[in-house]
Structure formats: C-alpha cells, structure tokens
Amino acid sequence: MEGIGKSKPLSTSVGDYLKAIWELAGSGKVTTTGVSERLSVAPGSVTRMLGRLQGMGLVRHEPYRGVSLTERGEAEALKLLRRHRLIEAFLIEYLGYGWEEVHEEAERLEHAVSDGFTERLAELLGHPDRDPHGSPIPGKDGTLVPEDLVPLSEVAVGDLVRIARIRREDAEALAYLGGHDLVPGRLLKVKEVRDVAGVVTVEGEDESVHPLGEPLARSILVQRASGRGAE
Ligand SMILES: [Zn+2]
C-alpha cells in the first residue's frame, strides 16, 4: 500500500483522477467509461489506475458497479479544487490574465504549490468563496457553499435570471462569453426558447440579444431573479 504522507504531494495524474471523479460524481459513483472519456485515457489504463488509487485508499472501485471517492479521496479532490480556484482568482486579480486563460495555468500550478502557499493566497484574496467563473471554492476544511442554481437551458421564456456560474473551462467558450459580457452577476431576460434546437435567446440589461446553443446554455448556471412574465 502506497502512503500519501502529509508533506508528499500527490502526483499530477493521481490528482487529475480524483478531481475528474469528483467533478463527474461528487460523493456518488461514476463508471470507468465516464472517467475514461473525461480524461481522454484508454479504459484499460483507467482500470489500472483505479486499482492503484484503491490501493492508496483514495477510491472504492467495484467492477461493473463504478467508482467512488473514499472520504480521504474526496478531501484530496476538494483540496486540489481549492488550490485551482484560488490560483485562477489570483491570476486574474494580480497578474492581469484574461478569464479564458487561467484554467490551463492553474492546472499546472495546482500541482506545484504547497498548502502554505495556498493559504497565503486565500489570505491575499480575502478568502473568496467563489472563483472568477462563479464556481464555489471549497473551504480549508473542505466545506462547499450549497448551490441552488439552474442551467440556462432549463429556464422559461419571460424569466429574469442572473448569471451565477459558468461551468466551462475551455478558452474558446469563455472568450466568447466574456466578449459578450455574459459573466457572473449579469442580469438576463429570456426572450425565446426553441425546444427542438435547444437555442435559448437572452437579452442583457444593455438590450444586447444573444442566441445561445444548447451546450453553451447548459453550461451557464443561473439564479432566478423573478417569476415568469416579468417585463
Ligand atoms: Zn479551471
């Protein structure tokens, strides 16, 4: 059994597996195929790695029933998520990065920095509970603020909604959304929802109109600002 000593950081790939399982399943279960698709790694390699992670006490893997994080695996995943999101906030606030640039940089840095560095970052940033994309930053003790958000793909015509979180990491989508000022905090009115194509058309406070395809609309999480029919 491989130990994970307090001072010894997890390898990049171990961390990436834990984060992928957390992002796909939270405290629940995910299939090997799901992990394989998420990480673009062959199923055979995923199965071998899951065996290794099980040996380290980080996951529970039952053949044909899926994989879940152990309490320790979940704590490690949340620790990485905390680092990742604090680093993203730091890069934007202090180093002038665009919000579409920070993910790749944070993916690298999160494996390099220590817990002490992470806490100094948190201090410097004033202990934020959300990152620049609106994603919750786990607390030092692994707690997460509860979220009551709906995807923009599930709203109704006439709804007034406020963007709370963008669940996308790819630079292309983020550059597009940022360029159209579709960022956390913005208020939108839902003008049209086309059921078949899934296109949601929204209007911003500046009266700019944006038709958004289903995949993009699904990745924009919103809070309802008022009921249906608000004009
Ligand atoms: Zn990121």
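Refer to the structure presented above.
Residues numbered from 1 in each chain as written. Predicted model: local features only at pLDDT ≥ 70, side-chain atom pairs only at ≥ 80, totals over all residues. Heavy atoms only, no water.

## Observations concerning the overall build of the protein
Then comes step 1: Along its length, the protein carries 8 helices and 8 strands.
Then comes step 2: Taking 231 residues into account, the globule formula puts the C-alpha radius of gyration at 17 Å, and the protein, at 19 Å, falls close to it.
Then comes step 3: Principal-axis analysis of the C-alpha atoms gives the protein an extent of 60 × 45 × 30 Å.
Then comes step 4: Looking at the protein as a whole, 44% of its 231 residues qualify as buried.
Then comes step 5: Taking all contacts inside the protein whose residues are at least 6 apart in sequence as the whole, residues at least 24 apart take part in 63%.
Then comes step 6: Only carbon and sulfur atoms are counted for the fraction: they give 50% of the accessible area of the protein, which is about 12300 Å².
Then comes step 7: Taken as two groups, the 29 positive and 38 negative side-chain charges of the protein have centres that lie 6 Å from each other. (Helix = DSSP H or I, 4+ residues; strand = E, 2+ residues; numbered from the N terminus. Rg over C-alpha atoms; globule rule 2.2 N^0.38 Å. Buried < 20%, exposed > 50% of the residue type's maximum accessible area, 1.4 Å probe, protein only. Contact = heavy atoms within 4.5 Å. Areas by Shrake-Rupley, 256 points an atom, 1.4 Å probe, with all protein chains shown as cover. Lys, Arg positive; Asp, Glu negative; His and termini not counted. Charge placed at Lys NZ, Arg CZ, Asp CG, Glu CD.)

## Digging into helix α6 (residues 115-124)
Then comes step 1: Looking only at α6, the buried set comprises T118, L121 and A122. All buried residues of α6 project into a common sector of 100° when viewed along the axis, lining one side. Facing away from the buried side of α6 by over 90 degrees, the exposed positions are R120 and E123.
Then comes step 2: Close packing links the buried residues of α6 with α4 (71-95). (Arc of directions from axis to C-beta.)

## Quick word on unusual backbone geometry
Then comes step 1: The backbone phi angle of S40 is positive, close to 50°, even though this residue is not glycine.
Then comes step 2: Inspection of the secondary structure puts S40 in the loop between α2 (32-39) and α3 (43-55).
Then comes step 3: The residue H127 is not glycine, and still its phi comes out positive at about 50°.
Then comes step 4: Along the chain, H127 turns up in the loop between α6 and β3 (150-151).
Then comes step 5: H127 sits in the partly exposed class, given a relative accessible area of 48%.

## Regarding the coordination of the zinc ion
Then comes step 1: Surrounding the zinc ion are the protein donor atoms H84 (NE2), E88 (OE), H103 (ND1) and E169 (OE), at 2.0 to 2.6 Å.
Then comes step 2: For the zinc ion, the 4 donor atoms are set out with angles of 72 to 155° between them, so the coordination reads as irregular. (Donors = N, O, S within 2.8 Å, 3.2 Å for Na, K, Ca; no water. Tetrahedral: all angles 85-135°; square planar, octahedral: opposite > 155°, others 65-115°.)

## Side note on the pattern of salt bridges
Then comes step 1: Summed over the entire model, instances satisfying the criterion amount to 18 salt bridges.
Then comes step 2: Note that K19 and E107 form a salt bridge whose closest N and O atoms lie 2.8 Å from each other. Of this pair, K19 sits in helix α1 (residues 12-25) while E107 sits in helix α5 (residues 102-109), and the two are 88 residues apart along the sequence.
Then comes step 3: Salt-bridge contacts for E192 lead to R194; the nearest nitrogen and oxygen are separated by 3.3 Å.
Then comes step 4: With relative accessibility at 35%, the residue E192 sits in the partly exposed group.
Then comes step 5: According to the relative accessible area criterion, R194 is partly exposed, its value standing at 45%. (Salt bridge = Lys/Arg side-chain N within 4 Å of Asp/Glu carboxyl O.)

## Section: the environment of V196
Then comes step 1: For V196, the position within the fold is in the loop between β5 (187-193) and β6 (200-204).
Then comes step 2: We classify V196 as exposed; its relative accessible area is 85%.

## Regarding the nonpolar core
Then comes step 1: In this structure, V14, L18, I21, L53 and V59 are the most contacted members of the largest nonpolar core, which totals 21 residues.
Then comes step 2: Sorting the residues of this core by element identifies α1, α3, β2 (66-69) and α4 as the ones contributing at least two each.
Then comes step 3: When residues in this core are grouped by element, the largest group, 6 residues, is from α1.
Then comes step 4: Setting aside chain neighbours within four positions, we find V14 in contact with M49, R52, L53, M56 and L58.
Then comes step 5: Grouped together as the second largest cluster of nonpolar side chains are 20 residues, I166, L177, L188 and V190 included. (Core = buried A, V, L, I, M, F, W, Y, C linked by side-chain atoms within 4.5 Å.)

## A closer look at the packing of aromatic side chains
Then comes step 1: Summed over the entire model, instances satisfying the criterion amount to 1 aromatic pair.
Then comes step 2: On the basis of an interplanar angle of 25° and a centroid distance of 5.6 Å, the ring pair of F90 and Y94 is categorised as stacked. In this pair, F90 and Y94 both sit in helix α4, 4 residues apart, roughly one turn of the helix.
Then comes step 3: Under the relative-accessibility criterion, Y94 is labelled partly exposed at 43%. (Phe/Tyr/Trp six-rings, centres within 6.5 Å; stacked < 30°, edge-to-face > 60°.)

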